[in-house]
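# Observations on chain architecture
Each chain, letter by letter, is given below.
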Amino acid sequence: MVAVKSFPVSVLKSAVTGKKAGVFQGRVLRVSYAAQHDVLSDKTQYPSFLRTVPPMHFQASALAKVVKHFGWAWIGILASDYDVCYVAMKQMKEEVEGMGICVSFWEKIQDSYSKEKMRAIAQRIRSSSAKVIVCDCFELDLKPLLLELIDLNMTDKIWIFPTAFILTPGYFPMTSLRILNGSLILVLNSPEMPNLKTFLESLQPSRYPEDIFIYSFWEEAFGCKWPSNDSSTVAMPGETGGEKLYCTGTEVSDDLESMFVLSDMSYTYQNYLAVYALAWALQDMMLCKPGKGPFLNGSCADVEDLKPWQMLHYVRNVHFTTGTGEEIFFDQNGDVPPVFDFLNLQISLNDTVQLVKVGMYDSSVPEGKQVRMKSGAMMWNTGHGQTRLSPTQTVTERTAHTPDKVPSSFCSESCPPGFRQAARKGQPICCFDCVPCPAGEISNKTDSVDCWPCPEDQWPNERQTQCFSTTLQFLSFGEPLGTALSFLTSLLFIMTLFVLCAFRRYQDTPIVKANNRVLSYVLLVAIKLCFLSSFTFIGYPSMVTCMIRQNSFGISFAISISTVLAKTITVIIAFNARDPTSRSSRWLGTRMPSAVVLLCSFAPVLICTVWLLLDPPFPIKIQIRDTTIIQCNEGSVLFFYLMLGYLGLLATVSFVVAFYARNLPQSFNEAKFLTFSMLVFLAVWISFIPAYLSTQGKYMVAVEIFAILSSAAGLLGCIFIPKCYIILWRSDLNTKQYLMQKTSSSNNQ
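Residues numbered from 1 in each chain as written. Predicted model: local features only at pLDDT ≥ 70, side-chain atom pairs only at ≥ 80, totals over all residues. Heavy atoms only, no water.

## Structural notes on the environment of Ala 73
Within the secondary structure, Ala 73 is located in the loop between α3 (56-69) and β3 (74-80). Along the sequence, Ala 73 and Ala 130 sit 57 residues apart, while their C-alpha atoms lie 8.7 Å from each other. When residues no more than four places from it in sequence are discounted, the contact partners of Ala 73 are Ile 101, Cys 102, Ser 409, Phe 410 and Cys 430. (Helix = DSSP H or I, 4+ residues; strand = E, 2+ residues; numbered from the N terminus. Contact = heavy atoms within 4.5 Å.)

## Structural notes on the packing of helix α5 (residues 115-127) against helix α6 (residues 139-151)
In contact at an axis separation of 9 Å, α5 and α6 are set at 65° when each is read in the N-to-C sense. Where α5 crosses over α6, the two elements pack in a sense that is right-handed. Contacts between α5 and α6 pair Lys 115, Met 118, Arg 119, Ile 121, Ala 122 and Ile 125 from the former with Asp 141, Pro 144, Leu 145, Glu 148, Leu 149 and Asp 151 from the latter. (Axes fitted to C-alpha atoms, helices over the stretch in contact; angles between N-to-C directions. Left-handed = near helix turned anticlockwise from the far one by under 90°.)

## Regarding unusual backbone geometry
Positive phi, normally seen in glycine, also occurs at Asp 447, with a value near 60°. Residue classification places Asp 447 among the partly exposed positions, given a relative accessible area of 27%. Here the phi dihedral of Gln 464 falls at roughly 60°; this positive angle occurs in a residue that is not glycine. Mapped onto the elements, Gln 464 comes out in the loop between β19 (458-460) and β20 (467-469). Gln 464 gets classed as buried once you look at its relative accessible area, which sits at 16%. (Buried < 20%, exposed > 50% of the residue type's maximum accessible area, 1.4 Å probe, protein only.)

## Notes on the state of the cysteines
Inspection of the entire model under this criterion finds nine disulfides. Between the sulfur of Cys 102 and that of Cys 430 lies a disulfide, 2.1 Å long from S to S. Across the S-S bond of Cys 102 and Cys 430 the torsion is about 85°, and the bridge reads as right-handed. With Cys 102 in strand β4 (residues 102-109) and Cys 430 in the loop between β15 (419-423) and β16 (432-436), the pair connects residues that are 328 residues apart, well separated along the chain. Each member of the pair, Cys 102 as well as Cys 430, is classed as buried. Sulfur-sulfur distance for the disulfide between Cys 288 and Cys 300 comes to 1.9 Å. Its S-S torsion of about -70° marks the bond between Cys 288 and Cys 300 as left-handed, since a negative value means left-handed. Remark: Cys 300 occurs in the loop between α10 (266-286) and α11 (308-316) and Cys 288 occurs in the loop between α10 and α11; sequence separation between them is 12 residues. For Cys 300, a relative accessible area of 23% corresponds to the partly exposed category. In this structure Cys 85 is not part of a disulfide, and its nearest cysteine sulfur, from Cys 137, lies 7.0 Å away. (Disulfide = S-S within 2.5 Å.)

Rendered as structure tokens:
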């Protein structure tokens, strides 16, 4: 600043006051410290207009971003009923709605409104669930509204004011001011001006006798009154003038700055910047060297004959740093970078009022960091016994020890993860209900608009906030049920193999010969195949196992039942062959049983072949909540039930035939055992159908395996166990004489 003092004071004074002839006459350069209308940034209309205050639309952005910063999503808007306030709040509304913030109400106020109308507006504000009110109102219009709100006992709103709001000391009664306790006031950036305190301390009326403002300042600062100039008597120093002492001009105060605690010094600071912008421009102009100047042929401006366009050039290109470190320059629109401060109105318990700087808005920093707040220094008006500073508590102590919690303002409470927002019909988007995500879907963030399904083979956790891999369910060899069925299947297979070996070992004994050795061998092999088919139902279902398991089970049981039918028919034919005149004697031989077995087994082979060609079984995954069931889809259900129906029909025919032959007097009539085996088979499969249809997953497979093992074990136990008992433990009964004697006894009966 030394260089500023080096050029003539008359030039600087002329530049500031605009009084130098030929310099600022007419519509020439103007540097404003207060005009904020957006249209002034239009250089086609106002090419020589510059300002040290940001345009109005930046206020809307700053207010909207501080609302967003504190997470408020539901606000009200108040505006004085004037065009300038309406335009400002319209910009504000557009800004907040662009950020997803909703407006609960938008009301206009004016001191000329009737008491009834003002009370209706107060009722509207009081009943709104919005806890935050952005108010672009003049004090004159706000005062009657606050009086109505006092009557309604409203104390739980947070007020936010733009730069147009001026808090004049003493204008609001304390009861009204308490409603505004905790308010945020947006002001133009106003750091502490260098040397202001020194200047205030140096003020003396005697030094500036022509300055009429210093006398008003003196009366306000020291609470005294200057003697009236038209008084007929001369007041003596120290004498009282009414209720105040007369001023002497020699009063001393150590803290003149305290009288500015509620005064808005921001415009004073912008004036300070405007003067310094002119000063720096004049300094740049005076330091210009001929041949290196900014004008034609490197020329410089003539200070004694300064042209308006030359001064405009220097001011538009000024770039300096203030004593507080703030960088000042003008952009292409003649505006400075917008920087605002946020003041917090704080009222202590003894009604001391303070305006505390708690944050700032700086548009020059990256998006998302433009609002910087000292939340610990904030005081909020929550309506639960207003949080106010104690008389002895400093702001520093408060910041360090007792930060207030930021109040919330929502139309609807946030939806936690696991829920989604469901808009309320006819209400703003901020008003919604929280609906749990449907089964199988999740939301993993707060206030999610949608839920989304989990990927395949995954399922949500209990809170529906995260997807987890589901439990795969199939009948495996390793689980207890699969192990037990595998062990039982192996045991029954070994028993069947043991019976086959016994029959093969004693094939020449009378009891084996009497029961058709070939058919017995075929039946035992078929029963073994039935047991082995159970293994295809255990383990992870694959395309191969799905295709062969029902077919192997069906064909092996068809062979088993066909063999039982052939054995029963053989018994009947053998009995009838005793009659020499019977035509059935020619059927008695080796071809007849084979023909019955082949013919009856052909039908399921044909069914299974067509089934595999047209619509074969295949593995599928069925997701039921947190479990993925892996099972075989039978393809064509028609063929599956057609095969079961055929086996049921064949078993019924075998049962009827065996029941008919149960009392025939044969040497060792096994028709009774065949009848009982078919009865067991039918009972098992009749009970299997409802059990099969009522289960799913591995238990459905276990039911079918149990049915296979039970029915095959019934054939093995009913037909072959009695014979093995005689063969192995009652060899005295395994003689031709005993069988002939039994036959004779049967004939006599």
